[in-house]
Amino acid sequence: TSPRTPRPIQALPDQLISQIAAGEVVERPSAVVKELLENALDAGGTQVNVRLEEGGVKRICITDNGRGIPHEQMPLALARHATSKISSLHDLENVGTLGFRGEALASIASVAMVTITSRTADDAHAWEIEGSHNATPTPSSGALGTTIDVKDLYYNTPARRKFLKSEQTEFGHCAEVVRRIALARPDVSFSLSHNGRTVDHWNVSEIARRSAQILGDGFAEARLPVDETVGPLRIHGFVGLPTASKARADGQFFYVNGRFVRDKVLVHAVKAAYQDVLHGDRFPSYVLSLDMDPALVDVNVHPSKIEVRFRDGRAVHQCVFHAVQRALAQTSATAHGSVPS
Ligand code: ADP
Ligand code: MG
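Source: prediction; values computed, not measured.

Draft legend 1. Structural view of the overall build of the protein chain. Helix and strand counts for the protein chain stand at eleven helices and 15 strands. Compactness check: the protein chain gives a C-alpha radius of gyration of 22 Å against a globular reference of 20 Å for 341 residues, within 12% of the reference. Projected onto the principal axes, the alpha-carbon positions of the protein chain cover approximately 75 × 55 × 40 Å. By sequence separation, contacts in the protein chain at least 24 residues apart represent 67% of the contacts at least 6 residues apart.

This is the structure:
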């Protein structure tokens, strides 16, 4: 196969196309956890259980009580570019679900052993499909909702398997993804177990309580509420006082329309708002959600959708900066006793 003897151009087989896509979508076990959790929430699940074995490499099993997948559509759930979430460019530009690319399950199934068990309200019993979109669903048992069981990640792509870190490191990344998503959805209860041991469990509650559970009591005791609406933008959540700041940036959670994002505009706006109250080498803690018309933000920038592009980045920056600055100013005024009694 020297470059001097070129091979003819050929369309790649389906499985290989999915394995190539998996390189982007399924970079490590935590990426599988993220995709499956997003599907569970898109399906309206209110109770989501995550079970991991050996850092997720051996097994990732996520159960939800959402609306389920009709059995005749189960093969399509595993097919590439097949989705129930959008059907037109207009839908794409106004997308309100976490998923829409229709490639996660196909990608995962190309690099791991996947079994889907699902039951809709119309089914008399659950159905199960194993492997790929070429398989046929068979009758099974199970409650209303969906269980997606992913075993032996990268069993058929040993080169990728070599890039995995230790079990504890991979588990840490998975747990972080669960925390991020649980923090955005206090209206859903979540549980997380590793190697048969329950690690975390959060019941349905309010954002104040959920954020105290996930960020700790230190944050709960030193946080200020934010809730402002500026034109089409609403920013809400909590910002930590300087006393809740950290030496690492691991207490920063920003969501855009319910999706955890890492965005330069947002990070910069918050940092600038803290400038007067926080030493430069400290990182503020915060849980902030920015909600807007989906048409004002492009989430189709990267397969993992962790990056977004705002139609009006300046307006977003201003809104976030001022809201956070005002929340922080409130306390320095209180601390200095300058609030009229
Ligand atoms: P996407 O989420 O982008 O549509 P996926 O590959 O993640 O693509 O899922 C394909 C389809 O399978 C979804 O559009 C949805 O209809 C169905 N699906 C996946 N997971 C679930 C689930 N937990 N509950 C109900 N339907 C699901
Ligand atoms: Mg999805």
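Still more to cover.
Draft legend 2. Looking closely at the sheet that holds strand β3 (residues 113-119). Spatially, β5-β4-β3-β6-β2-β1-β7-β8 is the arrangement adopted by the eight strands of the open sheet, whose pairing is mixed. The sheet terminates laterally at β5 (138-140) and β8 (197-202), the two strands that pair on one side only. Strand-to-strand, the axes of this sheet are offset by a mean angle of 15°, without reference to chain direction. Summarising the sheet, strand β1 (residues 47-53) and strand β2 (residues 59-64) pair through six bridges and their orientation is antiparallel. Its bridge partner lying in β2, Glu53 is registered against Arg59.

Draft legend 3. Spotlight on the packing of helix α7 (residues 167-184) against helix α8 (residues 207-215). At a closest axis distance of 9 Å, the pairing of α7 and α8 adopts a crossing angle of 165°. Between α7 and α8, the interaxial angle falls into the category roughly antiparallel. Considering how the two elements wind past one another, α7 and α8 form a crossing that is left-handed. Judged by residue contacts, Arg179, Ala182 and Leu183 of α7 engage Arg210, Ser211 and Ile214 from α8. Partitioned by chemical class, the residues of the contact of α7 with α8 number three nonpolar, one polar and two charged.

Draft legend 4. Quick peek at helix α2 (residues 29-42). Taking 1.5 Å per residue, 14 residues should reach 20 Å; α2 reaches 20 Å between its end C-alpha atoms and fits that length. Judged by how many residues are buried, α2 sits mostly within the fold: twelve of 14 residues are covered. Along α2, the residues classified as buried are Pro29, Ser30, Ala31, Val32, Val33, Lys34, Glu35, Leu36, Leu37, Asn39, Ala40 and Leu41. If you follow the buried residues of α2, they end up packed against α1 (14-25), β1, β2, α5 (104-111), β6 (145-151) and α7. Where α2 ends, the next residue or the one after it, Gly44, has phi of about 80°, a positive value.

Draft legend 5. Structural view of the packing of α1 against α5. At a closest axis distance of 8 Å, the pairing of α1 and α5 adopts a crossing angle of 105°. What the angle tells us is that α1 and α5 run roughly perpendicular. Across from Gln15, Ser18, Gln19, Ala21, Ala22 and Val25 in α1, the residues of α5 making contact are Ala104, Ala106, Ser107, Ser110 and Val111. For the contact of α1 with α5, the class distribution of residues is six nonpolar, five polar and no charged.

Draft legend 6. Structural view of the site of ligand 1. Among the 21 residues in the neighbourhood of ligand 1, the closest are listed as Asn39, Ala43, Thr83, Ser84 and Gly99. Listing elements by their share of the shell around ligand 1, those giving two or more residues are α2 and α5. For the shell around ligand 1, a count of residues per class yields eight nonpolar, eight polar and five charged.

Parameters and conventions
- Residues numbered from 1 in each chain as written.
- Chains lettered and ligands numbered in written order.
- Predicted model: local features only at pLDDT ≥ 70, side-chain atom pairs only at ≥ 80, totals over all residues.
- Helix = DSSP H or I, 4+ residues; strand = E, 2+ residues; numbered from the N terminus.
- Rg over C-alpha atoms; globule rule 2.2 N^0.38 Å.
- Contact = placed C-beta atoms within 7 Å.
- Pairing = 2+ DSSP bridges.
- Axes fitted to C-alpha atoms, helices over the stretch in contact; angles between N-to-C directions.
- Parallel < 35°, antiparallel > 145°, perpendicular 65-115°, else oblique.
- Left-handed = near helix turned anticlockwise from the far one by under 90°.
- Nonpolar A, V, L, I, M, F, W, Y, C, P; charged D, E, K, R; others polar.
- Expected span 1.5 Å × (residues − 1).
- Buried ≥ 20, exposed ≤ 12 C-beta atoms within 10 Å, placed from the backbone.
- Near = placed C-beta within 6 Å.

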